[in-house]
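These are the residues of each chain, in order.
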Amino acid sequence: MPTIPASSVKWGPIDALESDGQFTKKWYASQETKNCLRPDKWIVSGEKGSGKSAIRRAIEEVYSGIYLCTPVVDFDKIEFNSLLLNLHEVSDTTGISSLSMVSRCWQAGIIIETINKCAKADRDSYETLRAGLPAQASERRMGPRLLGMAQDAWDKVDEFTRKRKQDEKDGKTRKANLVSSGGASIELMTWLTQHPMDPRFDRIRDAFFKRLTEKKHRVVLVLDGFDRLNNKDVSVDRVNLLFDGLIDAIRAIRTYKDLPDGFEIKAFIPHDRYLGLDLRDSDKAGEIHTAIRWTRDGLQEFLKRRMKLSPKLHGDTFLDLWRQVMPETVYNRVYKIEESTFDYLVRHTMMRPRQLQAHLQALADASHEEVIDPSKVSKTIAKSCQDLTKY
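Residues numbered from 1 in each chain as written. Predicted model: local features only at pLDDT ≥ 70, side-chain atom pairs only at ≥ 80, totals over all residues. Heavy atoms only, no water.

Enquirer: So what about the sheet that holds strand 2 (residues 72-74)? Which residues, and what values?
Expert: Judged by pairing direction, the sheet is parallel, and its 5 strands sit side by side in the order 2-3-4-1-5 without closing on themselves. The open sheet has two free edges, formed respectively by strand 2 and strand 5 (289-291), since each of these has just one partner strand. Geometrically, the sheet is characterised by an average inter-axis angle of 15° between neighbouring strands, direction not taken into account. With 5 bridges connecting them, strand 3 (residues 219-224) and strand 4 (residues 263-270) associate as parallel partners. (Pairing = 2+ DSSP bridges. Helix = DSSP H or I, 4+ residues; strand = E, 2+ residues; numbered from the N terminus. Axes fitted to C-alpha atoms, helices over the stretch in contact; angles between N-to-C directions.)

Below is the structure:
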């Protein structure tokens, strides 16, 4: 029987990005998590609540000492409708692949973001490179920066075709015809197939890679927030294009000539979104991908770190600590047997730590700072399961 209220343990915060002064003490890197942190694994997929944001935070706080900087781009803070609309218009007008354009915008955006943050961390080494970047680099946020690239492409097409300007005589829109426009369209098409990664940009990127190698610096760009992606008023096809373009960009960067060992990307994306990607050379994307996985032992260690921080609990093993706040078994009414309480809780999750935290917090709240009554566990968990969609 438990002797200490479950509320004595701080099971949360449920969201790993919430304020938590004890995060580094709670952090647990299982072998599966260490695989996600490998420098060659640039795409990390996981279901909501599996620990993507926790790994991101660990990179920023626990492992920050091995990096010059750890720039983070949150997808939930970027609005994409205008960006994709511009690129679709360019694609429809010119016949250039939308995926190729989105991929190049992402590649340029990632390199620019990384150079900007490196210049902030080490001005003497990287400021001259930052100063040579295109105008969009002055934007502080990734969203406006990407939109500026797309807008430049459409403006270039519009300048040549006047597609959006009406004929003063008949009031009709003039149609673009780049194929029959002669030499000028060849120049335009060459520009569009490179934009925004023109030769000048490539020289800066190559110099940046060389500087990272010379300085023996490491930098990791973190892409997160896909679970909270702002896709209001954006069609499913355009959202898919956004993801496909980003993963294509990451795959392309991984194959850059002279890519330094110190350059990394960590893109944390929902696992179902990764499985739904429609990419050329998808097998190459698989080489840099890994999925977040949890084991029974891993979840026990995850909880043990939290229990050990409670001054009221004493012990070294998971079971020593668990038995002080939780009944060892709970009665399974369906099979009419006593079942391990830990296994019972895990069975009512999808092996995701956030859901396990939610169940434990529900039990702590229901016991009102009293010792947990074993007979009330199943009823509390049944209600908690109804709320798991939030996590």
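Moving on from the coordinates now.
Enquirer: Go over unusual backbone geometry with me, naming the residues and quoting the values.
Expert: Excluding glycine, residues mostly have negative phi values, and the peptide bonds linking residues are mostly trans. Residue Gly 12 is joined to Pro 13 through a cis peptide bond whose omega torsion reads 0°. Looking at the element boundaries, Pro 13 is found in the segment before helix 1 (23-26). Residue His 195 is joined to Pro 196 through a cis peptide bond whose omega torsion reads 0°. Tracing the sequence through the fold places Pro 196 in the loop between helix 8 (183-194) and helix 9 (199-215). A positive phi angle, close to 55°, is found at Lys 336, a residue other than glycine. Positionally, Lys 336 belongs in the loop between strand 6 (329-332) and strand 7 (337-340). Lys 336 gets classed as exposed once you look at its relative accessible area, which sits at 60%. (Buried < 20%, exposed > 50% of the residue type's maximum accessible area, 1.4 Å probe, protein only.)

Enquirer: How would you sum up a nonpolar patch on the surface? Please name residues and give values.
Expert: A surface patch of nonpolar side chains, about 370 Å² in accessible area, is lined by Val 334, Tyr 335 and Ile 337. Mapping Val 334 onto the fold places it in the loop between strand 6 and strand 7. (Patch = residues over 30% accessible without salt bridge, like charges linked within 9 Å, V, L, I, M, F, W, Y side chains within 5 Å. Areas by Shrake-Rupley, 256 points an atom, 1.4 Å probe, with all protein chains shown as cover. Salt bridge = Lys/Arg side-chain N within 4 Å of Asp/Glu carboxyl O.)

Enquirer: Residue-level account of the nonpolar core, with values.
Expert: Membership of the largest hydrophobic core comes to 63 residues, with the highest contact counts inside it found for Trp 106, Ile 110, Phe 208, Leu 223, Ile 250 and Phe 263. Here this core takes 12 residues from helix 5 (residues 98-121), the largest share from any one element. Excluding its chain neighbours within four sequence positions, the residues that come into contact with Ile 250 are Trp 42, Ile 43, Ile 110, Leu 223, Ile 265, Ala 267 and Ile 288. Formed by 44 residues, the second largest nonpolar core is a distinct cluster that contains Phe 23, Trp 27, Ile 59 and Ile 381. (Core = buried A, V, L, I, M, F, W, Y, C linked by side-chain atoms within 4.5 Å. Contact = heavy atoms within 4.5 Å.)

Enquirer: Explain the pattern of salt bridges to me, using residue names and the numbers behind them.
Expert: Evaluated as defined, the whole model comprises 19 salt bridges. For Glu 60, the salt bridge is made with Arg 56, and the minimal N-O distance between the two is 3.3 Å. Taken together, the positions of Glu 60 and Arg 56, both in helix 3 (residues 52-61) and 4 residues apart, correspond to about one turn of that helix. Among the salt bridges present, the one from Arg 205 reaches Asp 202, with a minimum N-O distance of 3.5 Å.

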